[in-house]
Structures are given as structure tokens and as C-alpha cells.
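Listed below, chain by chain, are the residues.
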Amino acid sequence: MKKFGNASGKAKAVLSVFEEGERLNGKEICERMVDEGYRVQSGHLKMFIYHNMLYKHLDKEDIKGVNHYFRV
């Protein structure tokens, strides 16, 4: 299992799980990261996205009370 190192590495790893035009919630992103071999928890990943990636790399949309993220 790989552990997240620095913020730029984390951002690239998160962006690598998105396909073109895809909208994913935090749990789906976490599951794909685990499938790629990363050791990550859903809550930690969502906080990282909120503080470091939102509006710079990702945007969000509220669908039935759940945030879904997509590439900018």
C-alpha cells in the first residue's frame, strides 16, 4: 500500500481516478484510490479535497445532499 506523501502528489493521485466528464462523490474517489493501492480514509480524502483542491483542480455539485466532484 502506498501512503500519501506531499500535497502535489496527492492532487495528482486524486485527479488520476477521474475519467473525462465524470462526477464522483468522496466515497467513490476513496474506493478508486484504494483499488490503485493507496492507503486512504474517506474522511481524510474529503478534507484534503475541500482544503487543497476545490475550485483549483475540482469543482463540486450538490446532488440530493451529497457533494459530487468533477474536474475543472
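Residues numbered from 1 in each chain as written. Predicted model: local features only at pLDDT ≥ 70, side-chain atom pairs only at ≥ 80, totals over all residues. Heavy atoms only, no water.

A. Geometry of the environment of Ala7. The residue Ala7 is located in helix 1 (residues 7-16) in this model. Take Ala7: its relative accessible area is 44%, and that puts it in the partly exposed class. Sequence separation between Ala7 and Met53 is 46 residues; the distance between their C-alpha atoms is 9.5 Å. (Helix = DSSP H or I, 4+ residues; strand = E, 2+ residues; numbered from the N terminus. Buried < 20%, exposed > 50% of the residue type's maximum accessible area, 1.4 Å probe, protein only.)

B. Quick look at the packing of helix 1 against helix 3 (residues 42-53). As a packed pair, helix 1 and helix 3 sit with axes 11 Å apart at the nearest point and diverge in direction by 110°. Viewed along their axes, helix 1 and helix 3 adopt a mutual orientation that is roughly perpendicular. Contacts between helix 1 and helix 3 involve Ala7, Lys10, Ala11, Val14 and Leu15 from the former and Leu45, Phe48, Ile49 and Met53 from the latter. Here the residues of the contact of helix 1 with helix 3 sort into 8 nonpolar, no polar and 1 charged. (Axes fitted to C-alpha atoms, helices over the stretch in contact; angles between N-to-C directions. Parallel < 35°, antiparallel > 145°, perpendicular 65-115°, else oblique. Contact = heavy atoms within 4.5 Å. Nonpolar A, V, L, I, M, F, W, Y, C, P; charged D, E, K, R; others polar.)

C. Highlighting the pairing of strand 2 (residues 58-63). Bridge count between strand 2 and strand 3 (residues 66-71): 6 bridges; the pairing is antiparallel. Note on strand 3: the bridge partner recorded for Asp59 is Phe70. Linkage of strand 2 to strand 3, two consecutive antiparallel strands, is achieved through a turn of 2 residues, within which Lys64 is found at a positive phi near 55°. (Pairing = 2+ DSSP bridges.)

D. Inspection of a negative patch on the surface at higher detail. On the surface, Glu28, Glu31, Asp35 and Glu36 cluster together to form a negatively charged patch. Among the secondary structure elements, Asp35 is positioned in helix 2 (residues 26-35). (Patch = residues over 30% accessible without salt bridge, like charges linked within 9 Å, V, L, I, M, F, W, Y side chains within 5 Å. Areas by Shrake-Rupley, 256 points an atom, 1.4 Å probe, with all protein chains shown as cover. Salt bridge = Lys/Arg side-chain N within 4 Å of Asp/Glu carboxyl O. Lys, Arg positive; Asp, Glu negative; His and termini not counted. Charge placed at Lys NZ, Arg CZ, Asp CG, Glu CD.)

E. Quick peek at the packing of aromatic side chains. Counting across every chain of the model gives 0 aromatic pairs. The cationic tip of Arg23 hangs over the ring face of Phe70; the distance from NZ or CZ to the ring centre is 4.1 Å. (Phe/Tyr/Trp six-rings, centres within 6.5 Å; stacked < 30°, edge-to-face > 60°. Lys NZ or Arg CZ within 6 Å of the ring centre and 35° of its normal.)

F. The pattern of salt bridges, seen in detail. Considering all chains together, one arrives at 2 salt bridges under this definition. Of the charged contacts, one joins Arg32 and Glu22 as a salt bridge, the two residues approaching to 2.8 Å between their closest N and O atoms. With Arg32 in helix 2 and Glu22 in the loop between helix 1 and strand 1 (24-25), the pair connects residues that are 10 residues apart, well separated along the chain. Accessibility expressed as a relative area gives 28% for Arg32, which makes it partly exposed. Residue Arg23 pairs with Glu61 through a salt bridge whose shortest N-O separation is 3.4 Å.

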